[in-house]
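Structural overview
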Amino acid sequence: MEDEIVSVFPIHYSDILSPNVHVHQFPLLSRPLQIPPSAAASGKRIHARIRAVARKLEIHVPADTRPEIWNQDKSKQFGVARLEDDSEKNQDGSSTKQRDGEEPRLSDVRLQSEQIPQQGVYMLGVIHDDRLHLVPVSETHQFRPTLTYLDLTSRKSGRSKGGAGTDSDSDDYPPDPDEPVPVVVAPKKEKKSVEGKEVQMSARKLVEDRNNNIQGGMSAFRREMLLAMRAVEEEPWQAIEYCDGGMEESNQVFQSILSDSEERLECKTSIATLLKSIRGL
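A brief report on the enclosed structure follows.

What counts, and where the lines are drawn
- Residues numbered from 1 in each chain as written.
- Predicted model: local features only at pLDDT ≥ 70, side-chain atom pairs only at ≥ 80, totals over all residues.
- Heavy atoms only, no water.
- Helix = DSSP H or I, 4+ residues; strand = E, 2+ residues; numbered from the N terminus.
- Polar contact = N/O pair within 3.5 Å; in protein donor to acceptor, adjacent residues only side chain to side chain.
- Contact = heavy atoms within 4.5 Å.
- Pairing = 2+ DSSP bridges.
- Salt bridge = Lys/Arg side-chain N within 4 Å of Asp/Glu carboxyl O.
- Buried < 20%, exposed > 50% of the residue type's maximum accessible area, 1.4 Å probe, protein only.
- Phe/Tyr/Trp six-rings, centres within 6.5 Å; stacked < 30°, edge-to-face > 60°.
- Core = buried A, V, L, I, M, F, W, Y, C linked by side-chain atoms within 4.5 Å.

A few points about the side chain of Thr 140
Tracing the sequence through the fold places Thr 140 in strand E8 (residues 139-145). A polar contact of 2.9 Å, which involves the side chain of Thr 140, links it to the side chain of Gln 118. Beyond its immediate chain neighbours, meaning those up to four positions away, Thr 140 contacts Val 23, Gln 25, Glu 114, Gln 115, Ile 116, Gln 118 and Tyr 122.

Put into C-alpha cells, the structure is as follows:
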C-alpha cells in the first residue's frame with residue numbers, strides 16, 4: 001500500500017542571508033535560551049561576543065540568583081577564581097562592569113561554542129503561507145558551559161593541602177587531569193652490595209623522522225595543536241548584540257527568509273550524479 005500524499009508545498013529557495021545563517025545547539029533539551037525571571041526583573045540581559053578568526057562564539061546568560069537555589073558564598077569564591085582565570089588568559093571576560101571596591105561575584109553562565117563540521121549541505125526550512133522556504137546553513141555550532149575557573153580553584157585547593165589528605169571523599173572538586181598523579185613509593189628492601197661496573201654511554205642529537213616526530217620530544221601535530229590553542233586565546237573578543245526571538249530585529253531577519261520570487265530554478269544535476277555524490281551508497 002502506497003503512502004497517501006497529504007499535501008504539496010511549492011519550494012522557495014533564497015540565499016540572501018548567506019553565509020550568516022548558523023545552527024546553534026544548546027544543552028537545554030526543549031527549553032528556550034532565555035534569562036531567568038529574577039534576572040529579567042532586575043534589568044539584566046544576555047550578552048554575546050565573538051572571535052571572528054577562530055570562529056568561536058560566547059554567550060553570557062545571567063544566573064538565577066534567588067536565595068533558595070543560589071549560594072552567595074560560593075558565588076563570591078567562584079567569582080574571584082573566574083577573575084583570576086580571565087587575568088591568566090589575558091582576556092576581559094566580564095559582561096557587566098564591576099564597581100570600585102565591589103567584591104567579584106559569579107553572576108552569569110558562559111556558554112562557548114565549538115564549530116562542528118557539516119556533512120553535505122544543511123538547509124533551514126520554514127513553512128509559511130503553505131510554502132516551504134529554504135535557506136542554506138553555513139555553519140553549525142555546539143555550545144557548552146565553560147567552567148575553567150573550577151580548574152584554578154582545584155589547583156589552589158591541592159597546593160593548600162600540600163599533598164596531604166588525598167582521599168577523594170574529602171576533596172570538594174574532582175582531581176585535575178593535568179596534574180601529575182602522586183607516585184606511591186614502595187618500601188625499599190635491603191640489597192646485597194654489588195661490585196660497581198664501568199658503563200659507557202653516548203649522546204646524540206634529536207632528529208625528526210619521516211613522520212615529523214622528534215625523538216624524545218613532542219610530535220609536530222602536538223606542536224601545531226598547541227600553537228593553534230595559543231592563537232585562539234590571544235585573539236581578542238569582540239562584543240556583539242544578542243537579539244532574543246521576540247525582538248524587532250529578529251522579526252526583520254525572519255521576514256527576510258520568506259521569498260516572494262516566482263522565478264523557477266532549473267536543476268542541472270542528474271539523479272545518477274546526485275547518488276554518486278552521497279557517501280556510503
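Quick notes on the pairing of E8
Here strand E2 (residues 22-25) runs beside E8; their pairing, made up of four bridges, is parallel. Bridging from a neighbouring strand, Gln 25 pairs with Gln 142 of E8. Here six bridges tie strand E5 (residues 108-116) to E8, and the two strands are oriented antiparallel to one another. Looking at E8, one finds that Gln 115 is bridged to His 141.

Brief notes about the pattern of salt bridges
According to the stated counting rule, one finds eight salt bridges in the structure shown. The partner of Arg 49 in a salt bridge is Glu 58, with the nearest N and O atoms 2.5 Å apart. Pair check on accessibility: Arg 49 and Glu 58 agree, each one buried. A salt bridge links Arg 66 to Glu 68; its shortest N-O distance comes to 3.9 Å. Residue Arg 66 is classed as partly exposed on the basis of its relative accessible area, which comes to 37%. Accessibility expressed as a relative area gives 59% for Glu 68, which makes it exposed.

Some thoughts on the packing of aromatic side chains
Considering all chains together, one arrives at two aromatic pairs under this definition. Ring geometry for Phe 26 versus Phe 143: centroids 4.7 Å apart, planes at 25°, classification stacked. Here the residue Phe 26 occupies a position in the loop between E2 and helix H1 (37-41), and Phe 143 occupies one in strand E8, the gap between them amounting to 117 residues. Judged by centre distance (5.6 Å) and plane angle (50°), the rings of Phe 78 and Tyr 149 are tilted. With a gap of 71 residues between them, Phe 78 in helix H2 (residues 72-88) and Tyr 149 in helix H3 (residues 148-161) connect regions that are remote in the sequence. The same class applies to Phe 78 and to Tyr 149, which are both buried.

Digging into the nonpolar core
If you look at the biggest cluster of nonpolar residues, it comprises eleven residues: Leu 28, Leu 33, Ile 46, Ala 48, Ile 50, Leu 57, Ile 59, Val 61, Leu 111, Phe 143 and Tyr 242. Other than its neighbours up to four places away in sequence, Leu 57 contacts His 24, Arg 49, Ile 50, Leu 111, Gln 112, Ser 113, Phe 143, Trp 237 and Ile 240. Counting six residues, the second largest nonpolar core, distinct from the first, contains Val 21, Val 126, Val 135 and Leu 258.

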